[in-house]
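# Descriptive analysis of the structure
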Amino acid sequence: MEFSRQYASEIRWGRGKVHGSFSFVAEVGGKRLTVFSVFTYGESCTLSLNFGNMRGIVNDDELNTFRNELNKLPGVQLSEEVITEGKYPGISINSLLKEEDFDIFKSAVKTLIRL
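Thresholds applied
- Residues numbered from 1 in each chain as written.
- Predicted model: local features only at pLDDT ≥ 70, side-chain atom pairs only at ≥ 80, totals over all residues.
- Heavy atoms only, no water.
- 1 Å grid on protein atoms, 1.4 Å probe; cavity = no way out; pocket = protein on both sides within 12 Å on 5 of 7 lines; lining within 4 Å.
- Points joined across faces, edges and corners; volume = space filled by probe spheres on them.
- Helix = DSSP H or I, 4+ residues; strand = E, 2+ residues; numbered from the N terminus.
- Nonpolar A, V, L, I, M, F, W, Y, C, P; charged D, E, K, R; others polar.
- Phe/Tyr/Trp six-rings, centres within 6.5 Å; stacked < 30°, edge-to-face > 60°.
- Buried < 20%, exposed > 50% of the residue type's maximum accessible area, 1.4 Å probe, protein only.
- Pairing = 2+ DSSP bridges.
- Axes fitted to C-alpha atoms, helices over the stretch in contact; angles between N-to-C directions.
- Contact = heavy atoms within 4.5 Å.

Below, the discussion takes up the layout of surface pockets. When its volume is computed, the largest pocket comes out at roughly 150 Å³. Forming the walls of the largest pocket are Met1, Phe3, Ser4, Phe22, Phe36, Val38, Leu47, Ile93, Leu96, Phe102 and Phe105. Elements that contribute at least two residues to the lining of the largest pocket include exactly helix H1 (2-7), strand S3 (31-41) and helix H5 (99-112). Looking at the lining of the largest pocket residue by residue, the class counts come to 10 nonpolar, 1 polar and no charged.

Okay, here's the thing in structure tokens:
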């Protein structure tokens, strides 16, 4: 959340009464880009990577670089189809618990949004 507060142009909050969510929105090339969303389900948490939203706003080469960086995270194996088919794959928040893994994630997001 602190990372989102610092780097997102906007944080969009979900409307769930039982489960919470928020989305990281950045402005890239004058367009709004929803990069990822975080969903809570009781004690578990999932991070959705919004390739479907980013396709057409960010070129495929940049999305592929983003995908390759995220594939360095433990338990993450994103195929090229997440880009070509505009998917919204979820990854476990556990993939980001170690500081060095969260640093990989933050760096990938900042590169994607050109910071």
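Now that the structure has been shown, we can carry on.
Take the packing of aromatic side chains next. Per the counting criterion, the structure on display carries 9 aromatic pairs. For the pair Phe24 and Phe36, a centre-to-centre distance of 4.9 Å together with 20 degrees between the ring planes defines the contact as stacked. Taken together, the residues span a long stretch of sequence, with Phe24 in strand S2 (residues 21-28) and Phe36 in strand S3 at a distance of 12 residues. For the pair Phe24 and Phe36, one class covers both residues: buried.

Right, let's talk about the sheet that holds strand S4 (residues 44-49) for a bit. Taken in spatial order, the 5 strands of this open sheet run S1-S2-S3-S4-S5, and their pairing is antiparallel. Edge positions in the sheet fall to strand S1 (10-13) and strand S5 (90-92), since each has one partner strand and no second. Between one strand axis and the next, the sheet turns through 25 degrees on average, direction left out of account. Relative to S5, S4 runs antiparallel, the two sharing 3 bridges. Each bridged residue has a counterpart across the sheet, and for Ser48 the counterpart in S5 is Gly90. Strands in contact with H5 are S2, S3 and S4; relative to S3, the strand with the most contacts, it is inclined by about 155 degrees.

Quick look at the pairing of S2 now. A large share of S2 lies buried, amounting to 6 of its 8 residues. Bridge count between S1 and S2: 4 bridges; the pairing is antiparallel. If you follow Glu10 over to S2, its bridge partner there is Val25. Of the pairings in the sheet, the one linking S2 to S3 comprises 8 bridges and is antiparallel in character. What sits directly across from Ala26, in S3, is Leu33. Counting the residues in the hairpin turn of S2 and S3 gives 2 residues, including Gly29, whose phi is positive at 60 degrees.

No statement about biological role is implied by the geometric values presented.
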